Amino acid sequence: MPTPPDALLCDMDGTLVDTEDSWLETVSGLLREYGQPHDPAVVREFAGLPLESAARLLAGRARRPADAVAERLHHGFTARVSTGVRLKPGAAELLDRAAALGVPIALVTASEREVTDRVLHTLGASRFALSVANGETARGKPHPDPYLAACRLLGAAPGRCLAVEDTPVGVRAALAAGCRVLAVPTVPGIVAGDRTTVVGSLRQVALHFALD
């Protein structure tokens, strides 16, 4: 019989809360301001990227200093998040199910700590055993470092953990760490595989919230 994972590792933006759209709107607005293409296909390239990676990509296209672009992105995104965020459908149920099963939950996000703490206030910080924000590991997503850090802090083997993600960047990070992945895509590009299950909503997690 399938057993629950040893830990649940949740991405934040676009996975548990609706902030991925806020992030992409921030990127789109800055691309537009810099006179760069900002059609959906271009903007989707920034989905799931940590701040410094997104800033380098955007700065290279706009021929602007990366530090200045990073500051604009950070302030723009933080301002949007500060107006309030909504939980994604099924997010609360997922967290409650993990708690009922005694499965510890970590938040593993590409957002900065300032944004992370704002969202944790909405989600309920007590739901999480720990959180790993961007800048708190040597490398951010799509590298495995944030997920490996969460597993290490929880004392859990990555192969016994279930990561929940919404972007190809996040899925790559979780798979590289050795985790199983449950993907609820907000952008195209995630492919189902031996260690990746793709569903349309967190409300479907009850069908997949277990390791073989």
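Residues numbered from 1 in each chain as written. Predicted model: local features only at pLDDT ≥ 70, side-chain atom pairs only at ≥ 80, totals over all residues. Heavy atoms only, no water.

## A few points about the nonpolar core
Part 1 of the reasoning: Counting residues in hydrophobic clusters, the biggest one holds 49 residues, and the most contacted among them are L8, C10, L16, W23, F46, L58 and L73.
Part 2 of the reasoning: Among the elements that line this core, the one with the most residues is helix α3 (residues 51–62), at six residues.
Part 3 of the reasoning: Setting aside chain neighbours within four positions, we find L16 in contact with C10, D11, R86, L87, K88, A91, L94, L95, L107, L123, F128 and L202.
Part 4 of the reasoning: Counting 20 residues, the second-largest nonpolar core is a separate cluster that includes V108, V132, Y147 and C161. (Core = buried A, V, L, I, M, F, W, Y, C linked by side-chain atoms within 4.5 Å. Buried < 20%, exposed > 50% of the residue type's maximum accessible area, 1.4 Å probe, protein only. Helix = DSSP H or I, 4+ residues; strand = E, 2+ residues; numbered from the N terminus. Contact = heavy atoms within 4.5 Å.)

## Notes on the packing of helix α1 (residues 19–33) against α3
Part 1 of the reasoning: Here α1 crosses α3 at 25 degrees, and the two axes come no closer than 12 Å. Here α1 lies roughly parallel to α3, going by the angle between them. For the pair α1 and α3, the sense of crossing is right-handed. For the pair α1 and α3, contact is made by W23, V27, L30 and L31 and by L51, A54 and L58, respectively. (Axes fitted to C-alpha atoms, helices over the stretch in contact; angles between N-to-C directions. Parallel < 35°, antiparallel > 145°, perpendicular 65-115°, else oblique. Left-handed = near helix turned anticlockwise from the far one by under 90°.)

## A few points about unusual backbone geometry
Part 1 of the reasoning: Omega for the bond connecting K141 with P142 falls within 30 degrees of zero, at 15 degrees, which places this linkage in the cis form.
Part 2 of the reasoning: Take P142: it is sitting in the loop between β3 (130–132) and α7 (145–154).
Part 3 of the reasoning: Although it is not a glycine, R63 sits at a positive phi angle of roughly 55 degrees.
Part 4 of the reasoning: Within the secondary structure layout, R63 lies in the loop between α3 and α4 (66–82).
Part 5 of the reasoning: Given the relative accessible area of 78%, R63 is considered exposed.

## Notes on helix α8 (residues 168–177)
Part 1 of the reasoning: Along α8, the residues classified as buried are V169, G170, V171, A173, A174 and A177.
Part 2 of the reasoning: Among the structural elements, α7, β4 (161–165), β5 (180–183) and β6 (196–198) are those in contact with the buried residues of α8.
Part 3 of the reasoning: Positive phi appears at G178, one or two residues downstream of α8, with a value of about 100 degrees.

## Looking at the sheet that holds β3
Part 1 of the reasoning: Pairing within the open sheet is parallel, and its six strands lie in the order β3-β2-β1-β4-β5-β6. Here the strands that pair on one side only, and so sit at the sheet edges, are β3 and β6. Each strand axis lies, on average, 20 degrees off the axis of its neighbour in the sheet, ignoring direction.
Part 2 of the reasoning: The pairing of β4 with β5 spans four bridges and is parallel. Opposite V164, over in β5, you have L182 as the bridge partner.
Part 3 of the reasoning: Across the face of the sheet, helix α5 (residues 91–100) comes into contact with β1 (7–10), β2 (105–108) and β4 while running at roughly 160 degrees to β1. (Pairing = 2+ DSSP bridges.)

## Quick notes on the environment of E45
Part 1 of the reasoning: Turning to its location among the elements, E45 is positioned in the loop between α2 (40–43) and α3.
Part 2 of the reasoning: With 21 residues separating them in the primary sequence, E45 and L24 have C-alpha atoms 9.4 Å apart.
Part 3 of the reasoning: Discounting residues that sit within four places of it in the chain, E45 has contacts with L57 and R61.

## Quick look at the pattern of salt bridges
Part 1 of the reasoning: Scanning the model with the defined rule gives twelve salt bridges in all.
Part 2 of the reasoning: In this structure, the salt-bridge partner of E45 is R61, at a minimum N-O distance of 2.4 Å. Remark: R61 occurs in helix α3 and E45 occurs in the loop between α2 and α3; sequence separation between them is 16 residues.
Part 3 of the reasoning: Each of D11, K141 and E165 takes part in a single network of salt bridges with overlapping partners. (Salt bridge = Lys/Arg side-chain N within 4 Å of Asp/Glu carboxyl O.)

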